[in-house]
Structure formats: structure tokens, C-alpha cells
Amino acid sequence: MTRILVDFDRCEGHGLCEQTAPEVFRLDDEGELHLTRDKVGPEHESSVAAAVRVCPVAALKVQP
């Protein structure tokens, strides 16, 4: 399992993470980021890693 770490103070609600890994990341109507889960298995690791790469403010990290 890979743990997802979000710096909510840094997050600006661009939504690229939600577009890249919608099974894990959700923006609410006010642009606040929410995780559908804070740990993911192998089936979601590649999409979460892609979301980390596309975040323009580097608010996302993963921890094995």
C-alpha cells in the first residue's frame, strides 16, 4: 500500500490530480481537495504517481 500525503496549505485546487486519478482525488464545489482514500494499492499507484507529477504546486507526495 502507498500512502498519499497532501499539503492542503499548498494546494490551490487546480484539479489536475482529480483529472489524472479521479478514483482517489476529488474537488468539492468550493475547490477544496478531498481524498477518497489515503492509501492505495498497486492498482492505483501509477495514476497517483502521475497526479503527483502534474501537480503545479507540488502539494502531493507518496510514501511507501
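None of these values were measured; they are calculated from a predicted model.

### Remarks on empty space enclosed by the protein
Inspection of every chain in the model, using the stated rule, returns one cavity of 30 Å³ or more. Taken as a whole, the largest cavity spans an internal volume of roughly 100 Å³. Taken together, 15 residues line the largest cavity, and the ones lying closest to its centre are Cys-11, His-14, Gly-15, Cys-17 and Cys-55. A per-class count over the lining of the largest cavity returns eleven nonpolar, three polar and one charged.

### Remarks on the sheet that holds strand β1 (residues 2–6)
If you walk across this open sheet you meet the three strands as β4-β1-β5, and the pairing is antiparallel. Edge positions in the sheet fall to β4 (39–40) and β5 (60–63), since each has one partner strand and no second. Pairing between β1 and β5: four bridges, direction antiparallel. Bridging across to β5, Val-6 finds its partner in Leu-60. Most of the contacts of helix α2 (residues 42–54) go to β5, to which it runs at about 145°, and overall it touches β1, β4 and β5.

Definitions and limits used
Residues numbered from 1 in each chain as written. Predicted model: local features only at pLDDT ≥ 70, side-chain atom pairs only at ≥ 80, totals over all residues. Heavy atoms only, no water. 1 Å grid on protein atoms, 1.4 Å probe; cavity = no way out; pocket = protein on both sides within 12 Å on 5 of 7 lines; lining within 4 Å. Points joined across faces, edges and corners; volume = space filled by probe spheres on them. Nonpolar A, V, L, I, M, F, W, Y, C, P; charged D, E, K, R; others polar. Pairing = 2+ DSSP bridges. Helix = DSSP H or I, 4+ residues; strand = E, 2+ residues; numbered from the N terminus. Contact = heavy atoms within 4.5 Å. Axes fitted to C-alpha atoms, helices over the stretch in contact; angles between N-to-C directions.

Remember that the coordinates give geometry; whether it matters functionally is a separate question.
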